[in-house]
Amino acid sequence: MEKVMEKALEALGLSDTNSGGFAGAWTGSGKLQTVVSPIHGEALASVTNVTPQEFDAILAKCHQAFASWKLVPAPKRGEVVKAIGDELRRNKQALAGLVSLEMGKTLREGLGEVQEMIDICDFAVGLSRQLYGLTMPSERRMHRLQEQWHPLGVVGIITAFNFPVAVWSWNTAIALVCGDTVLWKPSSKTPLTAIACTKIAEKVLRDFGFDPAICSLAIGRGSDIGDLINTDPRVALLSYTGSVPGGRHVGKLVQERFGRHILELGGNGAVIVSDKADLDIAVRSIYFGAIGTSGQRCTTTRRVIVHESVLGTFRERLLELYRKTPIGDPRDGKNLMGPLVDPAAVATMLAAIESVKAEGGKILFGGEKLPNPGGCYITPCIAEVSGNLSIVKEETFAPVLYLMSYRTIEEAIALQNGVTQGLSSAIITNDQREGELFLSVAGSDCGIANVNTGTSGAEIGGAFGGEKETGGGRESGSDAWKAYMRRQTSAINFSGTVELAQGITLEM
Ligand code: NAD
């Protein structure tokens, strides 16, 4: 297959053949992998995977780098993260172009993804001066009780294909200011963007005179390199983003060695559309939530639960938008939807549509494969269903939207919560009582619950993650940083005598 050397690759320092391992020096003598773009089905470049022996050496260097990095004052570590953010600003267009080229999201979404990386760097710079511990009153006289936070070690970062660069940055920016080093294993579907990001971090670390192994990389299959990360005690924290079955496997292995993990797994986002909703807001936010990234976001809107009195109007207005969805080359600004990530994803979507029909659902629109080269283009689908059918309970990672109706708000909330995943949810309503109910303990059971905005497009300022089979992990903003550090509680006695807690005496 002939390779297409695109400008974005050159701008980011990639070449025709690239090494897939980094820990201060580039290595990789394992399997040669050709990366094919879903946009046109043509080869972009090749990547050599790392062997298990090379992985071991990479992890050893990353672990070694922790010994000195943890001693660097946190605000100084923040300066490094600030410079990474600046480098991302300079490379925003090229990196967004490569994201689009490698996994197929629209260029405007690629630009948004890189912006998210810049935003989390800015957040982390501020955080580097705010890694606060608490002090508490001691129950003992002339004693002080305090908590402080120390760096943890190597953070393993395993990422999914759909946010090939942002998830690395959410973890890396926070881990670096916390004094940890990182070892990244990206999805095998998106190794080029991972190499580009690692080169950016490498340049900055070298400019500052720090060991570039602080940001290491190991590209390889999940079943070999992934499992080495899961089982190696040198990886203090594993932040894993991927499917529920993948997370179940990873979680068990990390737990077995008493490692720590952050699991960011699959979602099954739903939006409730009330009879008191502003339908303009409902239609627009659900449309973007369902077709954005071609339905391949963990926060994608997959289910819409509409009050029966507005179902007819809502259905027609949404179908109107679906019918005119511009689909094609995602780098062309006029298109709102690009390809799915690979032909297998298209086949999965078609199989799900067959299951919907077999379970009595009605296909209202879409699910037609388009003849574009590469075989990854398909029209987004809307299916009307009678509730959470078994196929509806599954996360089909493609643009299939299930429409269902409700009578009472309690019934709608039960439908929203009636799946095993618990990532993102929303209600569109102008009734404050309904909105508050949705956010209350009797409302959504998800990690994200929005009012009058859709399920996708989370901001970095909040902690991101979900409940139930979504894994319970949190990353990005708020106090998610605490997972990247170890907490130490200290009692300091300045009384000159020994006094035991709980009033226990040493009298003899
Ligand atoms: P996937 O589960 O196929 O792969 C995710 C990662 O796991 C890849 O890097 C893969 O190589 C790796 N992996 C595979 N086997 C492994 C093993 N034995 N040990 C360690 N790692 C292994 O997921 P995908 O298709 O790339 O991405 C889609 C999934 O990710 C969806 O379920 C989506 O909802 C989820 N996702 C979740 C979030 C979130 O924040 N909750 C964000 C993005 C994607």
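Structure: above.
Note that the structure is predicted; figures quoted are calculated from it, not measured.

Student: Could you give me a rundown of the packing of helix H5 (residues 107-127) against helix H6 (residues 166-177), with the residues and numbers involved?
Tutor: Across the interface, H5 lies against H6 with an axial gap of 9 Å and an inter-helix angle of 10 degrees. Classified by the angle between their axes, H5 and H6 sit roughly parallel to one another. H5 and H6 meet at a crossing whose hand is right-handed. Between H5 and H6, the contacting residues are Glu 113, Glu 116, Met 117, Ile 120, Cys 121, Phe 123, Ala 124 and Leu 127 on the first element and Ala 166, Trp 168, Ser 169, Trp 170, Ala 173, Ile 174 and Val 177 on the second. In terms of residue class, the contact of H5 with H6 is built from twelve nonpolar, one polar and two charged.

Student: I'd like to hear about the packing of aromatic side chains, residue by residue, with values.
Tutor: One pass over the full model with this rule turns up nine aromatic pairs. When the ring of Trp 69 is compared with that of Phe 210, the centres are 5.2 Å apart and the planes differ by 80 degrees; the resulting orientation is edge-to-face. Taken together, the residues Trp 69 in helix H2 (residues 52-69) and Phe 210 in the loop between helix H7 (191-208) and strand S10 (215-218) connect sequence positions 141 residues apart. Judged by its relative accessible area of 0%, Trp 69 falls in the buried class. Between Tyr 322 and Phe 365 the ring centres are 6.3 Å apart and the planes differ by 85 degrees, which places this aromatic pair in the edge-to-face class. Taken together, the positions of Tyr 322 in helix H11 (residues 311-323) and Phe 365 in strand S15 (residues 362-365) put the pair 43 residues apart, joining distant regions of the chain.

Student: Break down unusual backbone geometry for me, citing the residues and quoting the values.
Tutor: Although it is not a glycine, Met 142 adopts a positive phi angle of roughly 55 degrees. Within the fold, Met 142 resides in the loop between strand S6 (135-137) and strand S7 (143-151). Residue classification places Met 142 among the partly exposed positions, given a relative accessible area of 40%. A positive phi is found at Phe 258, a non-glycine position, where the angle reads about 55 degrees. When you line up the elements, Phe 258 lands in the loop between helix H9 (244-256) and strand S12 (260-264).

Basis of the calculations
- Residues numbered from 1 in each chain as written.
- Predicted model: local features only at pLDDT ≥ 70, side-chain atom pairs only at ≥ 80, totals over all residues.
- Heavy atoms only, no water.
- Axes fitted to C-alpha atoms, helices over the stretch in contact; angles between N-to-C directions.
- Helix = DSSP H or I, 4+ residues; strand = E, 2+ residues; numbered from the N terminus.
- Parallel < 35°, antiparallel > 145°, perpendicular 65-115°, else oblique.
- Left-handed = near helix turned anticlockwise from the far one by under 90°.
- Contact = heavy atoms within 4.5 Å.
- Nonpolar A, V, L, I, M, F, W, Y, C, P; charged D, E, K, R; others polar.
- Phe/Tyr/Trp six-rings, centres within 6.5 Å; stacked < 30°, edge-to-face > 60°.
- Buried < 20%, exposed > 50% of the residue type's maximum accessible area, 1.4 Å probe, protein only.

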